[in-house]
Amino acid sequence: MSKIKTAFFCSNCGYESAKWLGKCPSCEQWNTFVEEVITKDNRLEERDWKKFGTDKKESRTLSLHEVVSAGEKRINSADAELNRVLGGGIVAGSIVLVAGEPGIGKSTLFLQNGLLLTGIRTLYISGEESEQQIKMRADRLNIRNDDFYLLTETSTQVIFQEIKKLKPQLVIVDSIQTLQSPYIESSAGSVSQIRECTAEFQRFAKETNTPVFLIGHITKDGSIAGPKVLEHMVDTVLQFEGDRHYAYRILRTLKNRFGSTAELGIYEMTEGGMRGVSNPSELLITQKEEQLSGIAIAATIEGVRPLLIEVQALVTQSVYGTPQRTVSGHDLRRLQLLLAVLEKRGGFHFGVKDVFLNIAGGIKVEDPSIDLAVLCALLSSYEDVPVSPRVCFAGEVGLSGEIRAVNRIEQRIAEAEKLGFERIFVSKYNQKGVGGQKFDIEVVPVGRVEEVYKQLF
């Protein structure tokens, strides 16, 4: 006999309670509990993918020294950016959650990657689009692959029956919020449904050694939709982000059990699909014929990749009582901190000025090493004197006005040299990091904000 019970779930974090609560004890949000009917079915243990793939090994306790160390088996995708973000390729038996805003290009990216994997039997499961819609997008991509199969279905029971027949080597699910398990009596997209469907695919991936990509939605505040436990269940969490008004998209790693969590992949949206950008520094720096004030180039690092980005600042006289502080792609509090340093240590009166700051290219940067470039862009706009386009900056600014050292300075200098820059300003405390290496670019060590101002203006 089936046992039916009702439970209350927090729609924000997935916390489960036997009774309704006004405030969630986990995420402390108010009025987020919803009632869901849960059916515990005796057939839950009868998995549809049994007898598919490798034989399941017998579970027994092992001593640590009995375990044989072996590297993960990886599928090398045709997308170099995806390989970098995943840590070297798609790990066999891994389950990857990919989240992003509607219309950002998640479905296009993974349809394209599935079509490019020749020789790998790929199953693309869609609960949102029909076969005709997916075929139209595939025609636009203009990639032919006879090992690529489509399934438009939302019931996990039917999906696993088809998986048992096809025996795919890679599964892509678009999206996890549309699936529905017959073992849970609640609507698709609810907390319990998302958790149960993900758990079924997790067991399938681990028992059959088949990699699974789950495409998911995000909420209004940018976090991944569904219960927070969803992120703990999967091996890798990728965030696909970018401004839809720009051509560039960023695939960022939030969690990765098989590689670095600081990796970054950059794509350009074209008519023929997503194109991986191998040298994003050239795209993120605007080519200008004339020199303009308020622009400085920063040498930053995203993951293991050095990037040169353009920082744009505009400082104008305030016409209102309270000066405006507006940023795009940068932290507002960090800007206020740098303005306070310039006011206190340099004697510049930014308190009566409106300040606008923008990171060109529509990307968001959190690396503190761009402080020096932000500061120089602000001073350039304040004095209305352009900074040479052949100069770039790498340094963190402290509250006392000192230029602090940043990590992996050699990579930053090498990237600036490769792109033809003539000078790079770095912290004098980075001299040990540079060592005895010879660069064709002039490395200018500075210790304080005043030194930078005297050399540039």
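Right above here is the structure, for reference.
Each chain has its residues counted from 1, running along the sequence as written. Under the rules for a predicted model, residues below a pLDDT of 70 receive no local features and side-chain atom pairs below 80 are neither given nor counted, while totals for whole chains, interfaces and linings still include all residues. No hydrogens and no water enter the side-chain calculation; it runs on all heavy atoms of the structure.

Novice: What's the story with the overall build of the protein in this structure? I'm lost.
Specialist: Along the backbone of the protein there are 12 helices and 23 strands. Reported as C-alpha extents along the three principal axes, the dimensions of the protein are approximately 80 × 55 × 50 Å. Buried, partly exposed and exposed residues are distinguished by accessible area as a fraction of the type maximum, computed with a 1.4 Å probe on protein chains only: under 20%, between the cut-offs, and over 50%, respectively. Looking at the protein residue by residue over its 457 residues, the buried ones come to 49%. Whether two residues are in contact is decided by their heavy atoms, any of which lying within 4.5 Å being enough. Taking the contacts inside the protein whose residues are at least 6 apart along the sequence as the reference set, 68% of them involve residues at least 24 apart. Residue exposure ignores everything except the shown protein chains as possible cover, and the areas themselves are Shrake-Rupley values with a 1.4 Å probe. Surface exposure of the protein reaches about 22400 Å², of which carbon and sulfur atoms provide 48%. Averaged over its 55 positive side-chain charges, the protein has a centre that lies 4 Å from the centre of its 59 negative ones. Only DSSP runs of H or I reaching four residues or more are called helices, and only runs of E reaching two or more are called strands; each is numbered from the N terminus. The positive count covers Lys and Arg only, the negative count covers Asp and Glu only, and His and the chain ends enter neither. A charged residue contributes its charge at one atom only: NZ of Lys, CZ of Arg, CG of Asp or CD of Glu.

Novice: Can you walk me through the layout of surface pockets in this structure?
Specialist: Where empty space is left in the structure can be found by rolling a water-sized probe over the atoms. Within this scheme a cavity is a closed region of a 1 Å grid, computed over the protein atoms alone, that accommodates a 1.4 Å probe without allowing it to escape, whereas a pocket is open but has protein on both sides within 12 Å along at least five of seven lines; lining residues each have an atom within 4 Å of a point. Grid points are joined across faces, edges and corners, and a volume is the space filled by probe spheres set on the points. Roughly 520 Å³ of internal volume is contained in the second largest pocket. Secondary structure elements with two or more residues in the lining of the second largest pocket: β11 (236–241), β12 (248–256) and β18 (353–359). In terms of residue class, the lining of the second largest pocket is built from seven nonpolar, eight polar and eight charged. Residue polarity is assigned by list, with Asp, Glu, Lys and Arg as charged and Ala, Val, Leu, Ile, Met, Phe, Trp, Tyr, Cys and Pro as nonpolar; anything else, Gly included, falls into the polar class.

Novice: Would you mind showing me how to read the sheet that holds strand β8 (residues 148–152) here?
Specialist: The strands making up a sheet associate through backbone hydrogen bonding, with each pair oriented either parallel or antiparallel. Strand pairing requires that DSSP identify at least two bridges connecting the strands. Pairing in this open sheet of nine strands is mixed, and the strands run β8-β7-β9-β10-β6-β11-β12-β13-β14 from one edge to the other. With partners counted over all chains shown, the strands left at the sheet margins are β8 and β14 (273–276), one partner each. Geometrically, the sheet is characterised by an average inter-axis angle of 25° between neighbouring strands, direction not taken into account. Note on method: axes are straight lines fitted to C-alpha atoms, helices fitted across the in-contact stretch only, with angles between N-to-C directions ranging 0 to 180 degrees. Taken strand by strand, helix α2 (residues 106–116) contacts β6 (95–100), β7 (122–126), β8, β9 (170–174), β10 (212–216), β11, β12, β13 (264–270) and β14, and its axis lies near 165° from that of β10. Here helix α4 (residues 156–166) sits on the sheet and contacts β7, β8 and β9; the angle it forms with β7, its principal contact strand, is near 165°.

Novice: Can you walk me through the nonpolar core in this structure?
Specialist: The nonpolar side chains of a soluble globular protein tend to be buried, and buried together. Among buried residues, those of type Ala, Val, Leu, Ile, Met, Phe, Trp, Tyr and Cys that are joined through side-chain atoms within 4.5 Å constitute a nonpolar core. Judged by nonpolar contacts, the single largest core of 44 residues is most densely connected at I309, L378 and F393. Sorting elements by how many residues they give to this core places helix α9 (residues 371–383) first, with eight residues. F110, A138, F148 and L251 belong to the second-largest nonpolar core, a separate cluster that totals 28 residues.

Novice: What is the right way to read helix α10 (residues 409–418) from this model?
Specialist: Residues spaced three or four apart along an α-helix point in a common direction, a consequence of the helix completing one turn every 3.6 residues. The set of residues buried in α10 consists of I409, R412, I413, E415 and A416. The arc enclosing the buried residues of α10, seen along the axis, measures out at 160°, which places them on a common side. Just beyond α10, the residue with positive phi is G420, at close to 90°. Our arc is simply the arc of the directions from the helix axis toward the C-beta atoms.

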